[in-house]
Amino acid sequence: MPAAGKERERPEDPDTHIQTPGPNDVLLGRGGGTNNHEGNVSFRALVAEHKIRYLDATKVDKPKVAREVVKLWRAMEPPGRFLARVSGTGPITTRNEDALWYDVGDKKAREKASQCLRERTADVIPYVKNLHRKKAEEFNKTVVAAATASNASLMSGTGASASQLSFGGGGGATLSSNSLMSGCGVGVGLP
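Now for a quick tour of the structure. (Residues numbered from 1 in each chain as written. Predicted model: local features only at pLDDT ≥ 70, side-chain atom pairs only at ≥ 80, totals over all residues. Heavy atoms only, no water.)

1. Section: the overall build of the chain
For the chain, the count of helices and strands is six helices and four strands. Start at the N end of the chain and walk to the C end: the helices and strands fall as β-β-α-α-α-β-β-α-α-α. Across the 191 residues in the chain, those meeting the buried criterion constitute 32%. Partitioning the intrachain contacts of the chain with sequence separation of at least 6 by distance along the chain shows that 59% fall at a separation of at least 24. For the chain, the accessible area works out to roughly 12,000 Å², and carbon and sulfur atoms hold 55% of it. (Helix = DSSP H or I, 4+ residues; strand = E, 2+ residues; numbered from the N terminus. Buried < 20%, exposed > 50% of the residue type's maximum accessible area, 1.4 Å probe, protein only. Contact = heavy atoms within 4.5 Å. Areas by Shrake-Rupley, 256 points an atom, 1.4 Å probe, with all protein chains shown as cover.)

Pasting the structure below:
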């Protein structure tokens, strides 16, 4: 029995075969056969409703958002499933009558949800750019403040005051969105 407040995790079930995926089934795999399946299209719509919250979430909270998306999908009527093709049963397509499917369980379902939530689709790219710009501005302020304090401390022995310190080029600390993503590239110009 699950602990209080915890729900039972649905395990992978490769022994129970499903011959015909339904409208609430997400098909795992690559290509148009899975992307165009009715369940995959509906799942992407559900993911889109939670994508901004996922992008805003901390690293610790991101899995919680993915877990919630899976929980919502599984709670549908009929229940939503995440299906993978049984090996050796033909190509991935809903029209292939020889293909058999099985439920991959909640762990792989969360991985699929996380993958979809991370995907940079056209509808969230402006938001992501704005988010990166805000993080860069906050980071710049922190770097400039730290550099000013550090140099003021160093210069205090020479008689220079913090107001006499300059951060070359009038630009202060700089950080591009590419360097933000890689965690490198901070440049603070000191005279």
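2. With respect to the sheet that holds strand S3 (residues 81–85)
In any sheet, the strands associate via hydrogen bonds between backbone groups, in a parallel or an antiparallel arrangement. Read across the open sheet, the four strands follow the order S1-S4-S3-S2; overall the sheet is mixed. On the outer flanks of this sheet lie strand S1 (13–18) and strand S2 (25–27), each paired with one strand and no other. When strand polarity is set aside, the average angle formed by the axes of neighbouring strands in this sheet is 45 degrees. With two bridges joining them, S1 and strand S4 (residues 101–103) adopt antiparallel strand pairing. (Pairing = 2+ DSSP bridges. Axes fitted to C-alpha atoms, helices over the stretch in contact; angles between N-to-C directions.)

3. Some words on the nonpolar core
With 24 residues, the main nonpolar core has Phe43, Val69, Phe82 and Leu117 as its most contacted residues. Of all the elements in the fold, those that place two or more residues in this core are helix H2 (38–56), helix H3 (62–74), S3 and helix H4 (105–118). Residues Ile18, Leu27, Leu83 and Trp101 belong to the second largest nonpolar core, which totals five residues. (Core = buried A, V, L, I, M, F, W, Y, C linked by side-chain atoms within 4.5 Å.)

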